[in-house]
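A structural walkthrough
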Amino acid sequence: MAKSSADDPELRRACAAAVAASGARGEEVAFSIRVAKGRGIFEKLGRLAKPRVLALTVKQSSRGDANKAFLRVLKYSSGAVLEPAKLYKLKHLTKVEVISNDPSGCTFVLGFDNLRSQSVAPPQWTMRNIDDRNRLLFCILNMCKEKLSYLPKVVGIDIVELALWAKENTLTLDNQVNTQDGQEASVVTQTERKVTVTVENDLVSQAKEEEEDMEALLDTYVMGIGEADAFSERLKQELVALEAANVYQLLESEPIIEEVLQGLEAASATVDDMDEWLRIFNLKLRHMREDIASIESRNNGLEMQSVNNKGLMEELDKLLERLRIPQEFAASLTGGSFEESRMLKNVEACEWLTGAIRSLEVPNLDPCYVNMRAVREKRAELEKLKTTFVRRASEFLRNYFSSLVDFMISDKSYFSQRGQLKRPDHADLRYKCRTYARLLQHLKSLDKSCLGPLRKAYCNSLNLLLRREAREFANELRASTKAPKNPAVWLEGSSGSGPNGSSADTSTVSDAYSKMLTIFIPLLVDESSFFAHFMCFEVPALVPAGAPNISKSKSGDDADDDLGILDPDGDDLKPDNTSAELGTLNGALQELLDGIQEDFYAVVDWAYKIDPLRCISMHGITERYLSGQKADAAGFVRKLLDDLESRISAQFSRFIDEACHQIERNERNVRQTGILAYIPRFAVLASRMEQYIQGQSRDLIDKAYTKLVSTMFATLDKIAQSDPKTADIVLIENYAAFQNSLYDLANVVPTLAKFYHQASESYELACTRHISSLIYLQFERLFQFNRKVEELTYTIAAEEIPFQLGLSKTDLRRVLKSSLSGIDKSIGAMYRRLQKTLTSDELFPSLWDKCKKEFLDKYESFVQMVTRIYGNESLISVAEMKEILAGF
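If you're wondering where the values come from, they're calculated on a predicted model, not measured in any experiment.

Right, let's talk about helix H22 (residues 727–741) for a bit. Helix length check: H22 (15 residues) gives 21 Å between terminal C-alpha atoms against 21 Å at 1.5 Å per residue, within 8%. In terms of burial, H22 is largely enclosed, as 13 of its 15 residues are buried.

Laid out in structure tokens, this is it:
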């Protein structure tokens, strides 16, 4: 039999060196053996198993704790040197399974519970023979038991057979150890012997106990184990003796048995008598129990009746107390005064009435009491009290609102007067109304339908006051504002570069409009908020949080939006209720504030008549206020600002339309030359418009620019087309004037920059047309001859052109003689004609430069044509022509 690798000291020393090289300190190699590693599926695919070495190591603990045991997997490097590949802690070993598919039984799997990927099959280890397998498994089991005090689960192998193998092979293993290794060999033998003893003691303990019991039994007989026949014979003799003794004992006990039988018969008779007596007693007891149950039933009924009567009396007392109407509350509800000093008692009476009515409703009252006559009569009496009180309170509040507003209207000190603008102050009005806020809350809980007439009465009364305040304030505001008497007129008139009255300062007009909004928009928002809370609308706060520069800061008596009252119903605001309430509130606010917009319209129309451009400032101011009104409940204020913005936009559009009509009237004149009047005036108008921009008014201005400039360009084209001779001159001068006047604004205003580029393109086209007409007028024969030749080059060969009729060299010389013989005079005539056609001296230098460049380009093209078609003909060169043109 070949020597096992487990007994190879060289292998063990190589494993110890590899473990020490890996950085592990204090680990001793207790066992090492060569194995083959595989995963089952690789062998099926034809791959070879990999050679590995399994080493069991023990690490001594420096702190005195239990030793640590490891299973190391080592592989061979390229130089046939062992190096660590895997490290497993034996404390995580849960299963040792021998693969059943391997008929040799030499393949097994070690299962650890801390593997990262449980979905990947663990490696399979294959030993050289069964002895190597058993030897490794015994060493692992012993180390788990000795070091870790537990045994893993063993599957696929009989543990008893494993223990018997260990017992049989322990001495063999000891004898196979080479004595020349000395101490190391003895350590191995001792370790393996400990393996055998531990496994046998743990796994075959039950068999040992049975053997010990048998030995104890055999020890009672003094005979050897080899005397089996004598032992069997002796047992038979003892059995016969025992049976004979039992029969003898039975024969001796016959008299005793007869006495026992007689006693049993006597006892049976006595039991029968006792059973009869017990039946008699049981019958009597049953009748007695029935009598007692009947008495207890009647007693319980009487006791229950007594308890019920007592409870009924208590409930009737409570119901009577609930149905009682206190005299002081009845007096307040039917005929009490609504003066301010009596409001506390009225509120207490309302609270009692509300609670009394609710206490007689099903949720708060037992349903069995609902149809009682006393309850129905008392409910009808409470309803009558409620109706009477609601009617009296509603009539008082309607009269109170009307009288309060009439008193304020009759006092002129509340309104603006001549020479004095008066800011409306409703602090006293709200203070007096706040006295009855809790009364309105209770009226709502008693009869919600009564709020409609009350709200209408409040709106009608306060609407008169607000309209009077707005009218007086607007009239005094217009009267006290210093504004030019003559309104500004734009883009109209026959002389002057600016509009009439354009130098006057009209900022006071937009300031007056801003003051109107500053005073009244917060007032209207506050009135809307106060009305919504005072009249018990179930809506969120009306004033949006963080609205910039809209409402004045509130302190003291001004902070009257918070009425300091609670809804006695205790109902939370629900989305459905809120949306319905918002619709009702906006309808009421329409009645409250309707008509006040006319005074705002009057201020807008007044400002428009003084300076239409102030619509731009007013539009920006309105947009700023409108951006702060985002609360849904302040619907009328937002609608008012929307209407103001629309009216300002309509007025500004009217101004733009009138300006466009003024521009279009220019085309009706018979003949116009030079720069049209509306070109420079538009630049002044645009500059003023840019000064007035506030907020988000850019869209309004851009639309005005688009309409005005489009009308200007269309009118300019129509005026130019009325006289074809001077059409290009009119376009050149006016487009140039447009660019010069709007150069600075076009750099900052994108819309004007677009029209600036459009004017630039039209200017270039008009210049090109006019210069071409001048050149062809003076040198018509020269360039007409060039055009004919260029046209023939597309149909016939170049060398055939000199032989065509009218295009011979002779004809060329005649054209050159007639066109270039007096070239200085011809260029001078062209110079004078261009200077004569222009009314603006500023444009002449640039146009003459364009004319010279255009003529030189055309002449250079002519020279190239002559050289290509006619050869070397004597004519003025391009350089000479450039020198001639430089003299002009």
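Okay, the packing of aromatic side chains next. Going through the model one piece at a time under the given rule, you end up with 25 aromatic pairs. Seen in terms of ring centroids, Phe 138 and Trp 165 are 6.1 Å apart; in terms of plane orientation they differ by 20°. Their pairing is stacked. Of the two residues, Phe 138 is situated in helix H3 (residues 130–148) and Trp 165 in helix H4 (residues 159–176); the sequence distance between them amounts to 27 residues. Summarising the burial analysis for this pair, Phe 138 and Trp 165 share the class buried.

A cluster of nonpolar residues, Ile 256, Ile 257, Val 260, Leu 261 and Leu 264, forms a patch on the protein surface that exposes about 480 Å² of accessible area. As for its position among the elements, Ile 257 is in helix H8 (residues 254–323). The exposure class of Ile 257 is partly exposed, given its relative accessible area of 46%.

What follows is about the pattern of salt bridges. One pass over the full model with this rule turns up 25 salt bridges. With its nearest N and O atoms 2.8 Å apart, the salt bridge here joins Glu 690 to Arg 698. Arg 698 gets classed as partly exposed once you look at its relative accessible area, which sits at 26%. Its salt-bridge partner being Asp 849, residue Lys 852 comes within 3.9 Å of it at the nearest N-O pair. Of this pair, Lys 852 and Asp 849 are both found in helix H28 (residues 844–870), 3 residues apart, which corresponds to roughly one turn of the helix. By relative accessible area, Asp 849 is classed as partly exposed at 43%.

This part takes up the packing of helix H18 (residues 614–628) against helix H19 (residues 635–664). Their axes nearest at 9 Å, the elements H18 and H19 cross at an angle of 160°. When the axes of H18 and H19 are compared, the pair comes out roughly antiparallel. Considering only the axes of H18 and H19, their crossing is left-handed. In contact with Cys 615, Ile 616, Met 618, His 619, Thr 622, Glu 623, Tyr 625 and Leu 626 of H18, H19 contributes Arg 638, Leu 641, Asp 642, Leu 644, Glu 645, Ile 648, Ser 649, Gln 651 and Phe 652. A breakdown of the residues in the contact of H18 with H19 according to their chemical character gives 9 nonpolar, 4 polar and 4 charged.

When pLDDT is averaged across the protein chain, the result is 77; 78% of the residues are at 70 or more. Taken as a whole, residues 493–502 scores under 50 in pLDDT and shows 18 contacts with residues more than four places along the chain or in a different chain. Segment residues 543–573: pLDDT under 50, and 52 contacts once partners within four positions in sequence are set aside and those in other chains are kept.

Let us look at the environment of Leu 782. Following the sequence through the fold, Leu 782 ends up in helix H25 (residues 780–792). Among the residues examined, Leu 782 registers a relative accessible area of 0% and is labelled buried. The sequence separation of Leu 782 and Arg 814 amounts to 32 residues, and the corresponding C-alpha distance is 9.8 Å. Every residue in contact with Leu 782, bar those within four places of it in the chain, is listed here: Val 815, Leu 816, Ser 819, Leu 820, Tyr 859 and Phe 862.

Take unusual backbone geometry next. Despite not being glycine, Ser 149 has its phi angle at roughly 65°, a positive value. Position of Ser 149 relative to the elements: it lies in the loop between H3 and strand S8 (153–155). For Cys 536, which is not glycine, the phi torsion reads 65° and is therefore positive. With respect to the secondary-structure elements, Cys 536 resides in the loop between helix H15 (507–534) and helix H16 (575–593). On the basis of relative accessible area, Cys 536 is assigned to the buried category, the value being 3%.

What counts, and at which threshold
Residues numbered from 1 in each chain as written. Predicted model: local features only at pLDDT ≥ 70, side-chain atom pairs only at ≥ 80, totals over all residues. Heavy atoms only, no water. Helix = DSSP H or I, 4+ residues; strand = E, 2+ residues; numbered from the N terminus. Expected span 1.5 Å × (residues − 1). Buried < 20%, exposed > 50% of the residue type's maximum accessible area, 1.4 Å probe, protein only. Phe/Tyr/Trp six-rings, centres within 6.5 Å; stacked < 30°, edge-to-face > 60°. Patch = residues over 30% accessible without salt bridge, like charges linked within 9 Å, V, L, I, M, F, W, Y side chains within 5 Å. Areas by Shrake-Rupley, 256 points an atom, 1.4 Å probe, with all protein chains shown as cover. Salt bridge = Lys/Arg side-chain N within 4 Å of Asp/Glu carboxyl O. Axes fitted to C-alpha atoms, helices over the stretch in contact; angles between N-to-C directions. Parallel < 35°, antiparallel > 145°, perpendicular 65-115°, else oblique. Left-handed = near helix turned anticlockwise from the far one by under 90°. Contact = heavy atoms within 4.5 Å. Nonpolar A, V, L, I, M, F, W, Y, C, P; charged D, E, K, R; others polar. pLDDT = per-residue confidence, 0-100.

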